[in-house]
Amino acid sequence: MTIREATSLSETTQDEVARAQAHWAIGLAERELGHLADSERHLSLASRIASDAGAVDVAAAISVSLALVVANLGRPEDALALLESVRDDLSSDYLARATVQRGAIRFRLGDLDGAIEDHRAAISPLRQIDDRLALARLHVNLGMFLSYRLDLEQAADSLGRAEEIAEAEGYQLLRGYALHNLAYVDSLRGDIPRALDRLD
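Owing to the predicted nature of the structure, the values given are computational and were not obtained by experimental measurement.

J.: Even after reading the chapter, I still don't get the pattern of salt bridges, so can you show me in this structure?
T.: Side chains carrying opposite charge are able to pair once their charged atoms draw close together. In total, this model carries 17 salt bridges according to the counting rule given. We note a salt bridge from Arg41 to Asp38, for which the minimum N-O separation is 3.5 Å. A residue pair is termed a helical-turn pair when its members lie 3 or 4 positions apart in one helix, as Arg41 and Asp38 do in helix 3 (residues 36-52) at 3 residues. Exposure remark for Asp38: the relative accessible area of 32% places this residue in the partly exposed category. A salt bridge links Arg132 to Glu169, with the shortest nitrogen-to-oxygen separation between them at 3.0 Å. A residue pair is termed long-range when its members are at least 10 positions apart, and Arg132 in helix 8 (residues 132-148) and Glu169 in helix 9 (residues 152-169) qualify at 37 residues. Accessibility expressed as a relative area gives 36% for Glu169, which makes it partly exposed. Put simply, Glu84, Arg102, Arg106 and Asp118 are held in one network by salt bridges that share partners.

Below, the structure is given as structure tokens:
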């Protein structure tokens, strides 16, 4: 759905949940374009519309998207509070994604242990719903976090898992991130030749 189509739907539909989803789509598109203030406005409106319509699960899922925008606008504490406020209303798949997002925000706040804890907690739920893309992203971030803590064996294991998933699914950019971070781990281990091989 394009922004134009979503805007048209938001202005013409009599279905309030559909109207909320249209604003959700616009908010996500604006986020991808880097228009964070516009994204926050549409996502906030979408969440309110869904909540007023009694679609609590939809409102909660929209709030997960909103939390990332709020964090990117420089308000990570508000983003964490928003995620916490909707956790009980999230479906299992969105709860797993919200846990990963909370970990990423904790990392920004300097809580490395909390970031690692959240990412590890989300592995099993993401496997259960078979979200391979989210799993690959998770393992890249987890590997990076573990390398900062100098847990190099666990970091390499997580990054290796990310690389395997990315290669199998054709996520070439994510595979590149995984290999780059594996090279960093190799350099921390003192294995410069292997690090250079990964970057070749």
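J.: Sorry, what's going on with the layout of surface pockets here?
T.: If you roll a probe as big as a water molecule over the atoms, it shows you where there is empty space left. Computed from the structure, the largest pocket encloses a volume of approximately 970 Å³. Forming the walls of the largest pocket are 28 residues, and the residues nearest its centre are Arg31, Leu68, Val100, Gln101 and Arg137. Every element with two or more residues in the lining of the largest pocket is listed here: helix 2 (16-32), helix 4 (56-72), helix 6 (92-108), helix 8 and helix 10 (172-188). Looking at the lining of the largest pocket, its residues break down into 18 nonpolar, 4 polar and 6 charged.

J.: Even after reading the chapter, I still don't get unusual backbone geometry, so can you show me in this structure?
T.: Apart from glycine, the bulk of residues carry a negative phi angle, and the bulk of peptide bonds sit in the trans form. At Asp130, a position not held by glycine, the phi torsion is positive, near 55 degrees. With respect to the helices and strands, the residue Asp130 is situated in the loop between helix 7 (112-128) and helix 8. Of note in this structure, Leu150 is not a glycine but carries a positive phi near 65 degrees. Mapped onto the secondary structure, Leu150 falls in the loop between helix 8 and helix 9. Residue classification places Leu150 among the exposed residues on the basis of a relative accessible area of 58%.

J.: Is there a simple way to explain helix 10 in this structure?
T.: Helix length check: helix 10 (17 residues) gives 24 Å between terminal C-alpha atoms against 24 Å at 1.5 Å per residue, within 8%. Every buried residue belonging to helix 10 is among Leu174, Ala178, Leu179, Asn181, Leu182, Ala183, Val185 and Asp186, and all of these are buried. The secondary structure elements touched by the buried residues of helix 10 are helix 8, helix 9 and helix 11 (192-199). Just past helix 10, the residue Gly190 takes up positive phi, approximately 85 degrees.

Rules used throughout
- Residue numbering note: each chain is counted from 1, following its sequence as written.
- In keeping with the model being predicted, local features are shown solely for residues with a pLDDT of at least 70 and side-chain atom pairs are shown and tallied solely at 80 or more, while totals for entire chains, interfaces and linings include all residues.
- Hydrogen atoms and water are omitted, and side-chain values are computed over all heavy atoms in the structure.
- What counts as a salt bridge is simple: a side-chain nitrogen of Lys or Arg found within 4 Å of a carboxyl oxygen of Asp or Glu.
- Strands are runs of DSSP state E lasting at least 2 residues, helices are runs of H or I lasting at least 4, and numbering of each runs from the N terminus.
- Throughout, exposure labels follow a simple rule: accessible area from a 1.4 Å probe, protein chains only, divided by the maximum for the residue type, with under 20% read as buried, over 50% as exposed, and the rest as partly exposed.
- Whether a set of points on the 1 Å grid over the protein atoms alone is a cavity depends on a 1.4 Å probe fitting there but being unable to get out, while an open set qualifies as a pocket with protein on both sides within 12 Å along at least five of seven lines; lining residues are those with an atom within 4 Å of a point.
- Grid points are joined across faces, edges and corners, and a volume is the space filled by probe spheres set on the points.
- Charged means Asp, Glu, Lys or Arg here, nonpolar means Ala, Val, Leu, Ile, Met, Phe, Trp, Tyr, Cys or Pro, and polar covers whatever is left, Gly included.
- Expected helix span is taken as 1.5 Å per residue step, with the number of steps being one fewer than the number of residues.
- By definition in these notes, contact holds between two residues if any of their heavy atoms fall within 4.5 Å.

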